[in-house]
Amino acid sequence: MESLVQPFPAQTYLKPFIFIQRQVYHFPLVKVRAGFQIPNPKLEFPRRNCANLGKDTSISTRNAVNDDCLEEWELEFVGELDPFGYQAPKKRKNKEKSRFLDDTEGMDWCLRAREMAFKSIEARGLIHTVEDLITVKQKKKKNKKRFTNKHKINKESEEIEEDLDFDSGEVTGLEDFDNRIDNKTHQLQEKVSMMAGGMFLEKKEKLMQEFVQKLAQFSGPSDHKKEVNLNKAIIQAHTAEEVLEITAEMIMAVGKGLSPSPLSPLNISTALHRIAKNMEKVSMTNTRRLAFARQREMSILVGIAMTALPECSAQGISNISWALSKIGRDLLFLSEMDRVAEVALTKVKEFNSQNVANIAGAFATMRHSAPDLFVELAKRASDIIYSFQEQELAQLLWAFASLYESADTLLQAMDTVFKNANQFQCCLSHETSSFNEESCVENNGDLKSGGDSDPPVLSLSRDQLGNIAWSYAVLGQLDRIFFSHAWKTLSSFEEQRISEQYRGDIMFASQAHLVNQCLELEYPHLELSLRGELKEKIVNAGKTKRFNQKTTSSFQKEVARLLVSTGLDWVREYSVDGYTVDAALIDKKVALEIDGPTHFSRNCGKPLGHTILKHRHIAASGWKVVSLSYLEWEELEGELQQLEYLRKILKDHLGGTEAEMIV
């Protein structure tokens with residue numbers, strides 16, 4: 001009995017301390033809040049060395065445990081650790097080490113009691129028994145360590161992916177981040193990119209080029225089975241999104257080391273062609289087309305196609321150029337079309353009639369001038385003129401006229417081959433005009449050909465005839481033999497109904513009306529102008545504004561506002577023989593044409609065919625045409641310079657006194 005009391009000081013005045021082993025397992029664990037303080041820091045227990053254990057097992061003592069080197073299970077027993085999860089997870093994780101053992105004077109009485117009990121247990125040799133009951137197994141902690149290591153690895157992989165991000169305009173990051181953090185990250189990336197004279201930005205661009213070149217290595221070994229399977233998957237896809245997804249997955253696989261690569265030049269050109277064809281099939285809007293073209297995967301695909309162009313066949317180059325014209329229209333792929341023109345020049349001898357027509361039509365659709373290429377295309381077309389079908393011939397002539405490229409070689413070959421009137425027939429069925437996607441499908445059958453013994457015969461539809469006639473009018477070649485025979489076939493349409501309710505009828509009538517006006521004004525000696533009921537139908541339909549709603553651009557509004565300040569009697573939107581003049585001085589017969597971007601080629605600023613035809617016709621009608629180009633207007637600064645420029649261009653057409661009125 002005496003040995004049980006010995007661990008305590010010698011003087012004991014209360015009930016003798018009796019240790020009951022059963023009660024060791026039921027010590028109450030009191031949850032202690034971090035930072036708890038006694039209201040009165042000077043409050044202390046009596047300085048008597050006594051211990052009292054009753055039914056509630058409460059202990060009070062003078063001395064506290066002062067060991068600084070306690071084991072983990074001992075700290076758990078005292079209450080500093082919380083192994084069984086009684087505290088909130090965030091508090092357990094962020095809680096700092098307790099200072100209970102350092103500050104013995106301001107401690108809670110419960111902690112003092114536990115520490116006294118701990119001393120008693122230690123004195124009786126029961127430490128290992130209590131340790132087994134309290135200590136938590138370390139498996140969970142090991143799992144936590146593994147999880148943190150995984151988290152670090154994932155974080156490092158995300159950082160590597162951000163370094164390999166090819167889209168310099170895209171800010172990567174987790175979607176849960178705050179917008180302010182994203183903005184700061186973007187600003188930091190821009191600053192880092194501009195450091196060392198843009199060295200990091202150049203390195204990023206170089207990395208993308210190397211990646212694209214790696215994907216576009218076609219000289220190595222190939223797996224024909226993989227290429228065929230990829231081609232089938234691309235062709236069987238029903239939407240542009242599906243085609244891009246299939247191609248993007250293969251691009252990523254090749255980038256990660258898939259060899260040999262199934263991304264052959266045929267598959268790349270087929271993917272672009274199918275994307276464009278599916279867009280046309282659903283009549284996708286221009287806004288959606290542009291958004292689709294600006295995707296990262298699409299940019300990589302186009303980049304690979306540009307790298308693969310020299311390895312592509314003539315049909316592949318044709319498909320790629322056609323696809324770019326449908327996807328980006330006249331707003332995108334400026335440098336890409338320059339690349340197409342450069343490569344096409346080297347393979348123009350391999351083009352068939354379909355390739356020539358599609359490539360020329362693609363450049364015309366995008367308003368992209370390529371004079372050297374069109375010279376070679378005209379020569380190639382003249383060499384294979386026998387093989388051209390009606391649709392291809394109409395499309396080719398339209399392309400030359402739209403870009404106002406010289407086509408003398410081609411026109412001379414057409415006069416030679418189609419010199420007899422019996423080689424022209426009329427097809428009264430309504431066929432779609434040129435530039436539809438079906439003309440771009442590979443292997444569409446043998447093309448008809450002929451020779452002197454069996455001359456080719458053209459069966460022209462109404463829309464094809466309208467395109468051909470308009471092209472000859474733009475090029476100023478209405479005295480050609482081919483045009484004379486083709487135009488005379490219009491008599492077959494005299495009994496055909498031309499309605500003002502259908503867009504196709506209006507487009508044909510508008511073209512025919514413009515050509516007829518050119519014949520009356522510029523070539524009256526040919527006596528080819530329309531007469532009678534057919535002329536009346538075409539004139540009435542051609543003048544309708546149902547499908548020709550004219551819009552006023554901001555450039556036109558700005559110039560019109562300055563014209564008012566000139567003091568001259570300008571009339572806006574004045575009609576001259578079916579054409580609408582932007583501004584006119586009627587008494588002086590001066591027509592001011594305010595020509596915006598749609599009147600010029602996008603890459604060199606050359607006037608397009610429809611603009612030249614309009615100016616030429618208005619001039620032939622006895623008006624003085626003054627052209628105000630947006631290219632020159634944008635270089636002017638302020639109204640003073642703009643008014644001075646207006647005075648300069650109007651001076652030659654107005655009297656000196658009236659020109660000085662522009663102030």
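An account of the accompanying structure is given in this report. Note that this is a predicted model, so its numbers are computed, not measured.

1. Points about helix α23 (residues 554–564)
Part 1 of the argument: Among the residues making up α23, those that are buried are Phe555, Gln556, Val559, Ala560, Leu562 and Leu563. Taken around the axis of α23, the buried residues stretch over an arc of 160°, which confines them to a single face. Among the exposed residues of α23, those pointing more than 90 degrees away from its buried face are Ser554, Lys557 and Val564.
Part 2 of the argument: Next to the buried residues of α23 lie β3 (571–576), β4 (579–585), β5 (590–595), β6 (624–629), α25 (630–633) and α26 (638–650).

2. Quick look at the environment of Lys379
Part 1 of the argument: Note that Lys379 resides in helix α16 (residues 371–383).
Part 2 of the argument: Residue classification places Lys379 among the partly exposed residues on the basis of a relative accessible area of 39%.
Part 3 of the argument: Along the primary structure Lys379 and Asp408 are separated by 29 residues, whereas in three dimensions their C-alpha atoms are 9.6 Å apart.

3. A short note on the packing of α16 against helix α18 (residues 408–417)
Part 1 of the argument: The geometry of α16 relative to α18 is characterised by a closest axis approach of 8 Å and an angle of 15° between their N-to-C directions. Relative to α18, the element α16 is oriented roughly parallel. Judged by the sense of rotation from one axis to the other, the crossing of α16 with α18 is left-handed. Facing α16, whose interface residues are Ala378, Lys379, Ala381 and Ser382, α18 presents Thr409, Leu410 and Ala413.
Part 2 of the argument: Split into classes, the residues belonging to the contact of α16 with α18 amount to four nonpolar, two polar and one charged.

4. Some points on the packing of helix α12 (residues 296–308) against helix α13 (residues 314–328)
Part 1 of the argument: Remark: α12 packs on α13, axes separated minimally by 12 Å, with the N-to-C direction vectors making an angle of 150°. One element, α12, and the other, α13, form an angle in the roughly antiparallel class. α13 is crossed by α12, and the crossing has left-handed handedness. Residues Met298, Val302, Ala305 and Met306 of α12 pack against Ile320, Leu324 and Ile327 of α13.
Part 2 of the argument: Taken together, the residues of the contact of α12 with α13 sort by class into seven nonpolar, no polar and no charged.

5. A closer look at the pattern of salt bridges
Part 1 of the argument: Following the criterion strictly, the structure yields 14 salt bridges and no others.
Part 2 of the argument: With its nearest N and O atoms 3.8 Å apart, the salt bridge here joins Arg462 to Asp463. Of the two residues, Arg462 and Asp463, both sit in the buried class.
Part 3 of the argument: Across the salt bridge formed by Arg647 and Glu644, the nearest N and O atoms sit 2.3 Å from each other. Within this pair, Arg647 and its partner Glu644 are both found in helix α26, separated by three residues, close to a single helical turn.
Part 4 of the argument: The exposure class assigned to Arg647 is buried, which follows from its relative accessible area of 17%.
Part 5 of the argument: On the basis of relative accessible area, Glu644 is assigned to the partly exposed category, the value being 45%.

6. Section: the packing of aromatic side chains
Part 1 of the argument: Applying the stated criterion to the full structure yields 12 aromatic pairs.
Part 2 of the argument: Between Phe424 and Phe482, the ring centres sit 5.1 Å apart and the planes meet at 70°, which makes this aromatic pair edge-to-face. Taken together, the positions of Phe424 in strand β1 (residues 424–427) and Phe482 in helix α20 (residues 481–488) put the pair 58 residues apart, joining distant regions of the chain.
Part 3 of the argument: Residue Phe482 is classed as buried on the basis of its relative accessible area, which comes to 0%.
Part 4 of the argument: Consider the rings of Phe483 and Trp487, whose centres lie 5.7 Å apart with planes at 20°: the pair is stacked. Placement of the pair is Phe483 and Trp487 together in helix α20, with a separation of four residues, close to one helical turn. Pair check on accessibility: Phe483 and Trp487 agree, each one buried.
Part 5 of the argument: Ring pairs connect the aromatic residues Phe418, Phe424, Tyr472, Phe482, Phe483 and Trp487, which therefore count as one cluster.

7. Topic: the nonpolar core
Part 1 of the argument: With 116 residues, the main nonpolar core has Ile275, Phe363, Leu410 and Trp487 as its most contacted residues.
Part 2 of the argument: Excluding residues that lie within four positions of it along the chain, Ile275 makes contacts with Ala240, Val243, Leu244, Phe292, Met298, Leu301 and Ile327.
Part 3 of the argument: Counting 22 residues, the second-largest nonpolar core is a separate cluster that includes Leu563, Leu628, Tyr645 and Leu650.

8. Topic: helix α15 (residues 353–365)
Part 1 of the argument: A rise of 1.5 Å per residue sets the reference length of α15, with its 13 residues, at 18 Å; its end C-alpha atoms lie 18 Å apart and thus fit the reference within 8%.
Part 2 of the argument: The element α15 is largely enclosed, with a buried count of 12 among its 13 residues.
Part 3 of the argument: Buried within α15 are the following residues: Ser353, Gln354, Asn355, Val356, Ala357, Asn358, Ile359, Ala360, Gly361, Ala362, Phe363 and Ala364.
Part 4 of the argument: Contacts from the buried residues of α15 go to α13, α14 (334–346), α16 and α17 (390–402).
Part 5 of the argument: Put simply, Asn352 is the residue that caps the front of α15, since its side-chain oxygen is 3.1 Å from the backbone nitrogen of Gln354.

9. Regarding unusual backbone geometry
Part 1 of the argument: Going from Ser259 to Pro260, the amide bond is cis rather than trans, its omega being -5°.
Part 2 of the argument: Within the secondary structure layout, Pro260 lies in the loop between α9 (240–255) and α10 (265–281).
Part 3 of the argument: Notably, Tyr404 is not glycine yet its phi reads approximately 55°, a positive angle.
Part 4 of the argument: Residue placement: Tyr404 occurs in the loop between α17 and α18.
Part 5 of the argument: Look at Tyr404 and you get partly exposed, because its relative accessible area is 28%.

10. Comments concerning the sheet that holds β6
Part 1 of the argument: As summarised here, the arrangement of the four strands in space is β3-β4-β5-β6, forming an open sheet in which the pairing is mixed. The sheet terminates laterally at β3 and β6, the two strands that pair on one side only. The sheet shows a mean angle of 45° between the axes of neighbouring strands, taken without regard to direction.
Part 2 of the argument: Inspection of the sheet shows β4 paired to β5 by three bridges, in the antiparallel sense. Bridging across to β5, Ala583 finds its partner in Leu592.
Part 3 of the argument: Lying over the sheet, α23 contacts β3, β4, β5 and β6, oriented at roughly 140° with respect to β5.
Part 4 of the argument: Along the sheet, helix α24 (residues 609–620) makes contact with β4, β5 and β6, crossing β4 at roughly 60°.

Cut-offs and rules
Residues numbered from 1 in each chain as written. Predicted model: local features only at pLDDT ≥ 70, side-chain atom pairs only at ≥ 80, totals over all residues. Heavy atoms only, no water. Buried < 20%, exposed > 50% of the residue type's maximum accessible area, 1.4 Å probe, protein only. Helix = DSSP H or I, 4+ residues; strand = E, 2+ residues; numbered from the N terminus. Arc of directions from axis to C-beta. Contact = heavy atoms within 4.5 Å. Axes fitted to C-alpha atoms, helices over the stretch in contact; angles between N-to-C directions. Parallel < 35°, antiparallel > 145°, perpendicular 65-115°, else oblique. Left-handed = near helix turned anticlockwise from the far one by under 90°. Nonpolar A, V, L, I, M, F, W, Y, C, P; charged D, E, K, R; others polar. Salt bridge = Lys/Arg side-chain N within 4 Å of Asp/Glu carboxyl O. Phe/Tyr/Trp six-rings, centres within 6.5 Å; stacked < 30°, edge-to-face > 60°. Core = buried A, V, L, I, M, F, W, Y, C linked by side-chain atoms within 4.5 Å. Expected span 1.5 Å × (residues − 1). Polar contact = N/O pair within 3.5 Å; in protein donor to acceptor, adjacent residues only side chain to side chain. Pairing = 2+ DSSP bridges.

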